[in-house]
Amino acid sequence: METVYPMLSLFELRGFNNPGATLFQQYLKEENCPACGAKITVKSPKNAAIWVGATGSKWSDVLQCIDGLILHERVVNVIISEGLTGFIAHPLKIEKIGNKKLAEKGDPSYSIIEITGRVDIDVGQLDDVGGSVCPVCFTRNPAADNPYRWKEKRVFPLMETWDGSDFTRIRNLRWGIHYCSKRFIDLASRHKWRNFIFGQSLPGVGLWEKAPKEIDGLSYLDPLWFEKLSERVKIKHPDLFMRGFPP
Ligand SMILES: [Zn+2]
């Protein structure tokens, strides 16, 4: 059987800010964690609405948004018909478009993706300089002198906790990053979907050796992307690819 390496199983996905969107949502609940005091907000993906910013000249396949994954109807239709798992697509209302070019192109149809797949990570791998994660609300408290970019050494998924969903979030860390499977990236490549960025926090190595300014269809054409990425990930994390690993 083929070895499945944790660092090559899940890939961060996000949108390039071209265009970007701000989400307006109904907050269901806002409270402070009884253990660490962090403010916790619970949001609902239902009846979500967005304001689209001034950048961009085309309605792209993904809208950059820090609060959620927002996909165009043409992407949603494909992931549903191909049977991808780990998500519920909720229709989204566009309240305002701050960009004349886009406004002239009419109202597109986007959905906010509620991600239902979950995975645990090894929080001990996030850093090795004394940061902590609250055991109740999973808010991270990195050490002040944390030397790592984005304050994390690496995000290491525990594969036995993953149900294999194509769309996944981390259960035991409170942050807004979304992950997808290799299957989704291959679909993005086949359909030449625009504006996706893959791989920043996990596997911690971008899919492209040099990230293009705008991620267009041409960037996907290398059929050996996975093999080439694997080589770069192994160079960055050699200890995770030793004989006998993963156990
Ligand atoms: Zn807490």
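See the structure printed just above.
Below, the structure is looked at part by part. What you see is a predicted model, and the numbers here were worked out from it, not measured in a lab.

## Points about the overall build of the protein chain
Part 1: Helices and strands together make up the secondary structure of the protein chain, namely four helices and 16 strands.
Part 2: In terms of C-alpha radius of gyration, the protein chain reaches 19 Å, essentially the compact-globule figure of 18 Å for 247 residues.
Part 3: When its C-alpha atoms are laid out on the principal axes, the protein chain stretches across 55 × 50 × 35 Å.
Part 4: Relative to its 247 residues, the protein chain shows a buried fraction of 30%.
Part 5: Long-range pairs, those at least 24 residues apart, make up 75% of the contacts in the protein chain with a sequence separation of at least 6.

## With respect to the sheet that holds strand 5 (residues 49–52)
Sheet strands pair by backbone hydrogen bonding; their relative direction is either parallel or antiparallel.
Part 1: Strand order in this open sheet of three strands is 2-5-9, and the pairing throughout is mixed. For this open sheet the edge positions go to strand 2 (21–24) and strand 9 (93–97), each flanked by a neighbour on one side alone. If you compare each strand with its neighbour and ignore which way they point, the axes differ by 25° on average.

## Regarding the sheet that holds strand 10 (residues 110–115)
Part 1: Strand order in this open sheet of four strands is 6-7-10-8, and the pairing throughout is antiparallel. At either end of the open sheet lies a strand with only one pairing partner, and these are strand 6 (62–63) and strand 8 (87–91).
Part 2: Relative to strand 10, strand 8 runs antiparallel, the two sharing five bridges. Each bridged residue has a counterpart across the sheet, and for Ala-89 the counterpart in strand 10 is Ile-113.
Part 3: Across the sheet, helix 1 (residues 73–81) lies against strand 7 (69–72), strand 8 and strand 10, angled at about 90° from strand 7, the strand it touches most.

## Things to note about the pairing of strand 7
Part 1: In this sheet, strand 7 lies alongside strand 6 in antiparallel orientation, the contact comprising two bridges. If you follow Val-62 over to strand 7, its bridge partner there is Leu-71.
Part 2: A loop of five residues connects strand 6 with strand 7, the two strands running antiparallel in sequence.
Part 3: Pairing between strand 7 and strand 10: four bridges, direction antiparallel.

Calculation rules
- Residues numbered from 1 in each chain as written.
- Predicted model: local features only at pLDDT ≥ 70, side-chain atom pairs only at ≥ 80, totals over all residues.
- Helix = DSSP H or I, 4+ residues; strand = E, 2+ residues; numbered from the N terminus.
- Rg over C-alpha atoms; globule rule 2.2 N^0.38 Å.
- Buried ≥ 20, exposed ≤ 12 C-beta atoms within 10 Å, placed from the backbone.
- Contact = placed C-beta atoms within 7 Å.
- Pairing = 2+ DSSP bridges.
- Axes fitted to C-alpha atoms, helices over the stretch in contact; angles between N-to-C directions.

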